[in-house]
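# Structural features, examined
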Amino acid sequence: MPADLSPIWISLATSLTATAITFVLGITAAAWRERRSGPLFALLDGVFLLPLVLPPTVVGFLLLLLFGRNGPVGRIFLAMGTTVVFSWPATVIAASVVSFPLMYITARAALAQVDPELINAARTLGASEWRAFHRVAMPLAAPGILAGTILSFARAFGEFGATLMLAGDIPGRTETIPLAIYFAVEANEMARAAFWSVIDVGISLALLFGLYYWSQLQSTSRARIERAG
Amino acid sequence: MSLEVHIEKRLQSYSLALDFTAGAKPLAILGPSGAGKTMTLRCIAGLVTPDRGRIVLDDRVLFDSEKKINVPSRERRIGLLFQNYALFSHMTVSENIAFGLDRVAPDERAHKVRRQLDALHLAGLESRLPRELSGGEQQRVALARALAIEPEALLLDEPLSALDTHLRSQVEHQLLSTLAAFEGSSLVVTHNIEEAYRLGEEMLVLTKGRVAAFGPKEEVFRRPPTLDVARLTGCKNFSRAAVISKGMIEAVDWGCRLRVSQPMTQPVVHAGIRAHQIDFLESTDGGANPEHTFPCWVMEASETPFRITLYLKLHSAPRPGEQPQLQAEVFKEKWQRFKDRPFPWHVRLDPDAVFLLPD
């Protein structure tokens, strides 16, 4: 067993932060896009979904161009006296970008299922657009949005290629579990690779089971309210 | 109390161009599907923006295309009962009713919800979810939710169409008392003639996005202004007509001359009479008004539970291949008394019941 367990905490911190970011951005983008139609927006869909179809190395390379010292975003950070590349935030950026499409696509599908008449009803009852969204659209789209969150988390937790390109493999700072496994195998330390693999499977199962249990709890408490009524 | 609606809206299949003012009496909007009834309500509620026009509720301008005024739906204070009720399926009855009261203090909110629950006989159902309610109950919750915000106008979109027939009369009764108690303009959209007549005081007939008739409901039914309105209000009998002299017309398709009481202020192209106003005389001598009485033969009869529709041929016995000239509707009791009598029977076309149409 390796003395340094930091990949666990880095992986969890990275994927949870990335999931939180994609949750907000994905739902915002989905809600915004949901009310619009036209060829330009269809093109935008393509851009939003691109990280899903591109090889992670390509995503990583593009991010490197964007966030590198000479990249448009990188220069802004440089002017502020910091760099993003090869730092922990880079792992979050890489994980967020690759998991965003999953959140976006499922949130859109879930929001499209909500009867627009219900949103109209909320409006006639004096609700602001925000209130109509978070009190009516969101709760009704919740099962789909939960599914999207799980998928995004799973994708972020397993992220490897883009992270390696943008954040590198710096033990204790950017080395996530997938990176640790890859470099263990490369160094021919099979036991270490196996250890991290078991940890990865264990954490994934525990989280997925936890989410499942939690959603079951939600629906049984709902059913209890229904019976009481 | 008034709701002034003057709107134009171009839509894919038709264009809407309306101009009417609803007062304090409930206004029924009757029209075939696709006439723009629901679209009209949506424009008034602010869910759809008209291309041009003006909507004024009491003294509040809700929409004015020239002055660039377009009050958002949430500030219009217009209660809209959606055709499918649009209840929030994840909220209980109480939560649904309280939805529009979020800016009201909690104890006042509870009080207002209570009042709607009582007024619409929903006590005991507070913590139910919409899917656990019957159709009639769902409709009452939707109504309570719309009324809870104390709207200044109430718009009902096909309020009874989602209900089973046996529930309708009961729910309709409730709806009538709600409408009677409501202080503000109320509009009821329906495609059902009888519902329109029972729920409205005033009536507006809509065809292809235009106002085809507007006025007190008795007037609209008694003297429909056009052939379309006559048809939409359920009239079955029409004949081409020509003016013979003042107060006298020739009904070409019925083959008879008729005295009419309606003043002839417009050209007369058609004459009409409603099926239930065709009267069969008990005696065969033509009674006191022989000039409106004609011999007739029954060609066909079609039964409904309480009434019977008779298809009539006037003046002479029908020959094979001939079409009936008139449709009469009578109660079964009368049919029972008449049915074995030999033809011809005698039918009377009341001068007050015959109306003239300019198209």
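Here's a quick rundown of the structure. (Residues numbered from 1 in each chain as written. Chains lettered and ligands numbered in written order. Predicted model: local features only at pLDDT ≥ 70, side-chain atom pairs only at ≥ 80, totals over all residues.)

### Here we look at the interface of chain B and chain A
Just so we agree on the cut-off: The contact rule is simple: place each C-beta atom from the backbone, and if two of them lie within 7 Å, those residues are in contact. Classification convention: Asp, Glu, Lys, Arg as charged; Ala, Val, Leu, Ile, Met, Phe, Trp, Tyr, Cys, Pro as nonpolar; all other residues, Gly among them, as polar.
Contacts between the two partners involve 21 residues from chain B and, on the opposite side, 18 residues from chain A. The class makeup of the residues in the side of chain B that touches chain A is ten nonpolar, seven polar and four charged.

### A closer look at the packing of helix α2 (residues 39-53) of chain A against helix α5 (residues 88-112) of chain A
Residues and elements named next belong to chain A. Spelled out, the test is: Here an axis means a line fitted to C-alpha atoms, over the contact stretch when the element is a helix, while the angle between two N-to-C directions is reported on a 0 to 180 degree scale. Only DSSP runs of H or I covering at least 4 residues are called helices, and only runs of E covering at least 2 are called strands; the numbering of each starts at the N terminus. The cut-offs work like this: below 35 degrees is roughly parallel, past 145 is roughly antiparallel, 65 to 115 is roughly perpendicular, and the gaps in between are oblique. Left-handed describes a crossing in which the near helix is turned anticlockwise from the far one by less than a right angle; the clockwise case is right-handed.
Relative to each other, α2 and α5 sit at 120°, their axes nearing to 7 Å. As summarised for this structure, α2 and α5 are arranged oblique, according to the angle between their axes. In the crossing of α2 with α5, the sense of the turn from one axis to the other is left-handed. Along the contact surface, α2 presents Phe48, Leu49, Pro51 and Leu52, while α5 presents Val97, Val98, Phe100, Pro101, Leu102, Tyr104 and Ile105.

### Structural notes on helix α3 (residues 106-119) of chain B
For the α-helix, the turn length of 3.6 residues means that residues three or four positions removed from each other point alike. All names here are of chain B. Test applied: Working rule for helices: expected span equals 1.5 Å times residues minus one. Working definition of burial: number of other C-beta atoms within 10 Å of the residue's own, with buried at 20 or more, exposed at 12 or fewer, and partly exposed in between, all C-beta atoms being placed from the backbone. The directions considered for the arc run from the helix axis to the C-beta atoms.
Between its terminal C-alpha atoms α3 stretches 20 Å, which fits the 20 Å expected from 14 residues at 1.5 Å a residue. Buried within α3 we find Val113, Gln116 and Leu117. An end-on view of α3 places all buried positions within 105° of arc, on one side of the element. The exposed residues of α3 that point more than 90 degrees off its buried face are Asp107, Glu108, His111 and Asp118. Within two residues after α3, histidine 121 carries a phi angle of roughly 55°, on the positive side.

### Section: the packing of helix α1 (residues 6-34) of chain A against α5(A)
Residue and element names in this part refer to chain A. Packing of α1 against α5 brings their axes to within 7 Å, and their N-to-C directions diverge by 40°. Relative to α5, the element α1 is oriented oblique. As for the relative orientation of α1 and α5, their crossing is right-handed in sense. The residue makeup of the contact of α1 with α5, split by class, is 16 nonpolar, nine polar and three charged.

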